[in-house]
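Overview (structure and organization)
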Amino acid sequence: MRKEALSNSQRTFTVKTVRENKRVDGRTSFEFRKISIHFGISFGSCHVSFGYTRVFAQVSWEIVKPRSFRPNEGDLFINVELTPIAAPHYEVGRLGEFGTELNRLVERCLKESKSVDVESLCIIRGEMAFRIRCDVHVLNDDGNLVDACCLAAHTALCHFRRPDFTVAGKDVTIHPIDEGNPVPLCIFHHPLAVTYAFFNNGKQAILDPTYLEQAFCDGQLVVGMNTYKEICTWHLGGRMSISKAKLIRLTDMTYSIVTSLVNLMEKALSKDAEIRYASKVLN
Amino acid sequence: MAGLELLQEVGLRIDGRRPDELRKLLCKLGVFTQADGSAYFEQGNTKVLATVYGPHEVRGGRSKILQDSAIINCQFSTATFSQVDRKNRPRGDRKSVEVTSHLKQTFSSSVKTELFPKTQIDIFVEVLQSDGGILSACINAATLALIDAGIPMKDYVCACTASLIYDIPLVDVSHAEKAGGGPELTIATLPNSDEIVYISMTHRFHLDYSSKVLDMAIQGCKQVYKLLDEAVKLHVSKLGISKK
């Protein structure tokens, strides 16, 4: 299906509202929508929503042979699915430009910043290793998919538990999850992405754009950062240019935003751990 | 490559350059007769060819026509012999699609597309030899090809890469330096106004170094601009001369 055509009156209204330092849904320029994080029954399933944008991530594992040029490392594979569930103009199977962009951004922010220790996933050097696969499904697209997918994927990876294993010579025993203590992944740092949309020839920036704001903006800047103040990714998209000073200023601002997002994530994780522990004790 | 450090104590890199030195650049414009504009660009061992067709009628359906500006259509492909291991798929894999969309974005914001409504401008880039800094070489080559085609742009689009070793920023990283594991920042600027039109980064570095690394990359872009401008002026001065 073709993308729904957006009218000029929608465009002028949205752009004019941002120009007056307001937003159509009543937020301020640098305010997030309501963010909620929920977990499923199995380890590694996480549902994140930013207002009406909903994303679901599921982490799974399998045993594979490590790659020949990295024999002592396991593998982390992150895949973002954009299907017609999210919006009618997405096609099944075909990723398209936007889907590839989204996939690469999430990969760059989470995988290439080395947030997960892949060396600890190796079982026998050169022969057996864990391959951790994180599938992110976009359930509803109302803008700001990059932030939502990064948060969902990373939270799912933090929530995930892989089975424990013992090696005796050449014999490897993988203990099933209900028998042995499942082991969490070794996560070095928490990288999360923050998107800014620009209006008014790049002069005004807003945080967490909705679908309409993204459609009418001049361009977007994605900054990936972790709580140690390290920049994990920078990406400029759309038809605009940005000066170095503005880039540095927005990147500085991202640190406090990422810290609050990580706090939210950790609170949700600890609440879920409490509930699981309580139900285990009662049983 | 045991024993080879990315940055030695005397301040020299693997290939003998100083941290703020670019690799040797070679530019040739007008290398093909069929294309409206073409260019061959070398940056060290990275060799890239770019051709431009247009502005011409939009191909592929009337639904793609933009009423107020031209469409920029890019295609990026790497020759199968361009890397150490044979690359079986010249185009269509994820990284190539990503580079294609980045090229498209960069030039959509720098070519004056509002002057040619309802038309299409094609930019084809082919990597002949790959030694780091592919995207920046492609952007530089495409800029030269667009100038050769006579398409109006806001300014030259000059691109450069930068990295960080310990706390020293390096400019123009080669493949060996990138494989060493350091962060790689690619930016494209409009050199006369220092506005950044494209930025992308892999791995990570600390916020406190961001200003230094950005400065180094912007300086690199200015140097590239000087060389590109010289090449264009030389090419134009020879255009009217008859061959003996």
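Residues numbered from 1 in each chain as written. Chains lettered and ligands numbered in written order. Predicted model: local features only at pLDDT ≥ 70, side-chain atom pairs only at ≥ 80, totals over all residues. Heavy atoms only, no water.

1. Regarding the interface of chain A and chain B
What counts, and what does not: Residue contacts follow a heavy-atom distance rule, with two residues in contact if any of their heavy atoms lie within 4.5 Å. When two components associate, each loses some accessible surface as probed by a 1.4 Å sphere; the sum of these losses over both components is called the buried area. Salt bridges are counted wherever a side-chain nitrogen of Lys or Arg sits within 4 Å of a carboxyl oxygen of Asp or Glu. N or O atoms closer than or at 3.5 Å make up a polar contact, with two conditions inside protein: a donor-capable atom paired with an acceptor-capable one, and, for residues adjacent in sequence, both atoms drawn from side chains. To qualify as a helix, a DSSP run of H or I must reach at least 4 residues; to qualify as a strand, a run of E must reach at least 2; elements of each kind are numbered from the N terminus. Residues are grouped as follows: Ala, Val, Leu, Ile, Met, Phe, Trp, Tyr, Cys and Pro are nonpolar; Asp, Glu, Lys and Arg are charged; all remaining types, including Gly, are polar. A pair of strands is labelled paired if DSSP reports no fewer than 2 bridges between them.
Taken together, the contact between chain A and chain B spans 38 residues of the former and 33 residues of the latter. Both faces combined, the contact of chain A with chain B buries some 3200 Å², and carbon together with sulfur accounts for 54% of it. When residues of chain A are sorted by the area they lose upon contact with chain B, A:Trp234, A:Arg239 and A:Lys244 head the list and together hold 21% of the total. When the shortest N-O distance is used, the salt bridge between A:Glu230 and B:Arg204 registers 2.8 Å. Summed over the shared surface of chain A and chain B, the result is 16 residue pairs in polar contact (both at pLDDT 80 or more). Looking at the side of chain A that touches chain B, the elements with two or more residues in it are strand E4 (75-81), helix H2 (96-111), strand E14 (230-238) and helix H5 (244-282) of chain A. Broken down by element, the side of chain A that touches chain B gets its largest block of residues, nine residues, from E14(A). Taken together, the residues that form the side of chain A that touches chain B break down as twelve nonpolar, 13 polar and 13 charged. Here two bridges tie E14(A) to strand E10 (residues 205-206) of chain B, and the two strands are oriented antiparallel to one another. Paired with A:Glu230 across the two strands is B:His206, which belongs to E10(B).

2. Topic: the pairing of strand E12 (residues 204-207) of chain A
All names here are of chain A. Going by this rule: Each residue is assigned to one of three classes by its accessible area relative to the maximum for its type, calculated with a 1.4 Å probe on protein chains only: buried under 20%, partly exposed between the two thresholds, exposed over 50%.
Alternating positions in E12 separate into two faces, Gln-204 and Ile-206 on one and Ala-205 and Leu-207 on the other, with burial throughout. In terms of strand pairing, strand E11 (residues 192-199) meets E12 through four bridges, oriented antiparallel. Across the sheet, Phe-198 pairs through a bridge with Ala-205, a residue of E12. Linking E11 back to E12 in an antiparallel pair, the connection comprises four residues, with Asn-200 at a positive phi of about 60°.

3. Describing the confidence of the model for chain B
The following threshold applies: The predictor reports its confidence for every residue as pLDDT, a score running from 0 up to 100.
Summing up the model confidence of chain B, the mean pLDDT is 88 and the portion of residues at 70 or higher is 94%. The complex prediction reports pTM at 0.91, with the ipTM value standing at 0.86.

4. What about the packing of H2(A) against helix H1 (residues 94-108) of chain B?
Rules: Axis angles are defined between N-to-C directions and span 0 to 180 degrees, where every axis is a line fitted to C-alpha atoms and, for a helix, only to the segment in contact. Note that the term roughly parallel is reserved for angles under 35 degrees, roughly antiparallel for angles over 145, roughly perpendicular for angles of 65 to 115, and oblique for everything else.
Two elements in contact, H2(A) and H1(B), have axes separated by 9 Å at closest approach and are oriented at 105°. It follows that H2(A) is roughly perpendicular to H1(B) by the angle criterion. Mapping the contact onto sequence places A:Glu97, A:Thr100, A:Glu101, A:Asn103, A:Arg104, A:Glu107 and A:Arg108 in H2(A) and B:Arg94, B:Lys95, B:Val97, B:Glu98, B:Ser101, B:His102, B:Lys104 and B:Gln105 in H1(B). Residues belonging to the contact of H2(A) with H1(B) are distributed by class as follows: one nonpolar, five polar and nine charged.

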